[in-house]
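# Understanding the architecture of this molecule
What follows is the residue order along each chain.
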Amino acid sequence: MISIQGIAKHYGDFKALERVDLEIEKGEFVVLLGASGCGKSTLLNLVTGFDKPTAGRIVVNGREVNKVDPHCGMVFQQYALFPWLTVLDNVAFGLKMKGIAKAERLQVARRFIDMVGLQGFEDKYPNALSGGMRQRVSIARVLANDPDVILLDEPFAALDAMTRQVLQDELLQIYEKSKKTIIFITHSIDEALLLSTRMLIMSARPGRVVTDIRNDLPMPRNAQVQLSPRYNELKGQIWDTVQSEVMRSLQATRH
Ligand SMILES: Nc1ncnc2c1ncn2[C@@H]1O[C@H](COP(=O)(O)OP(=O)(O)OP(=O)(O)O)[C@@H](O)[C@H]1O
């Protein structure tokens, strides 16, 4: 589904990513974890075609990525909505770009607005919405475009804990229904354990995938999963790896 082959990304002498090889199957929910600056966003930007690798290639659904393509939909930390468009028009925007007729695109947009619990807000503008609601609009907009892969770069980082938990549950339900392939960046081990089917831990300088852990906690999941012994066992394992990588990258920064 997604094949990342020998990827390197350098900025001048700085090696942001080096020798990254990964195979991601259709329907996996992959979470990328790692110290700040280890290259997580860089890797997502390469998968979506926003940026080009220094070496290697990325193939999504049999097609090599060499430009921004609607095969991937991205949800950013900071909502990235069009402030001059209503919720309905923001969600329908990608469908308009694809040339879908107005009646159909508004119908599809309404369906996804309902799915993320924003019915009644169709005619509001983004500045009239809370952060959590804006992020729901971003998710609805990506879903409406029906991409093969959904990429989320710390989508809930700017939200309060309660809203974050509600949106995590919603994303899990959407994932279980749609079985889309998802790559999700977070700094939270708890968020990674709650959402993922697979967790990749990255190291910094150069950015590489150092640990690949299958998350075998049973689906469907909700916050209750945090009470299970297996949850704590996995959390301990990830914590040890992440902590040693963070220490290593801090030391590398000092030298
Ligand atoms: N355009 C650029 N020019 C130079 N260096 C860059 C550029 N983009 C990213 N970098 C560097 O590449 C490294 C990886 O950045 P990236 O944003 O991918 O990290 P990250 O793991 O997503 O970090 P965070 O968790 O803090 O968001 C960083 O050291 C960053 O400074």
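Note that the coordinates shown come from a computational prediction; the quantities given were computed from them, not determined experimentally.

## A short note on the overall build of the chain
- Helices and strands together make up the secondary structure of the chain, namely seven helices and 10 strands.
- A buried classification covers 38% of the 255 residues belonging to the chain.
- In the chain, once contacts between residues fewer than 6 apart in sequence are set aside, the share between residues at least 24 apart is 70%.

## Quick notes on the site of the ligand
- Near the ligand you find Tyr 11, Phe 14, Ala 16, Gly 34, Ser 36, Gly 37, Cys 38, Gly 39, Lys 40, Ser 41 and Thr 42, and these make up its full shell.
- Elements that contribute at least two residues to the shell around the ligand include exactly β2 (14-24) and α1 (40-48).
- Take the shell around the ligand: its biggest share by element is three residues, from α1.
- Here the shell around the ligand is composed, by residue class, of four nonpolar, six polar and one charged.

## Re the sheet that holds strand β1 (residues 2-11)
- The four strands lie next to each other as β2-β1-β4-β5, forming an open sheet whose pairing is antiparallel. Across the chains shown, the open sheet's two edge strands, defined by having one partner strand only, are β2 and β5 (63-64).
- With two bridges joining them, strand β4 (residues 55-60) and β5 adopt antiparallel strand pairing. Note that in β5 the partner of Val 60 across the bridge is Arg 63.

Criteria and thresholds
- Residues numbered from 1 in each chain as written.
- Predicted model: local features only at pLDDT ≥ 70, side-chain atom pairs only at ≥ 80, totals over all residues.
- Helix = DSSP H or I, 4+ residues; strand = E, 2+ residues; numbered from the N terminus.
- Buried ≥ 20, exposed ≤ 12 C-beta atoms within 10 Å, placed from the backbone.
- Contact = placed C-beta atoms within 7 Å.
- Near = placed C-beta within 6 Å.
- Nonpolar A, V, L, I, M, F, W, Y, C, P; charged D, E, K, R; others polar.
- Pairing = 2+ DSSP bridges.

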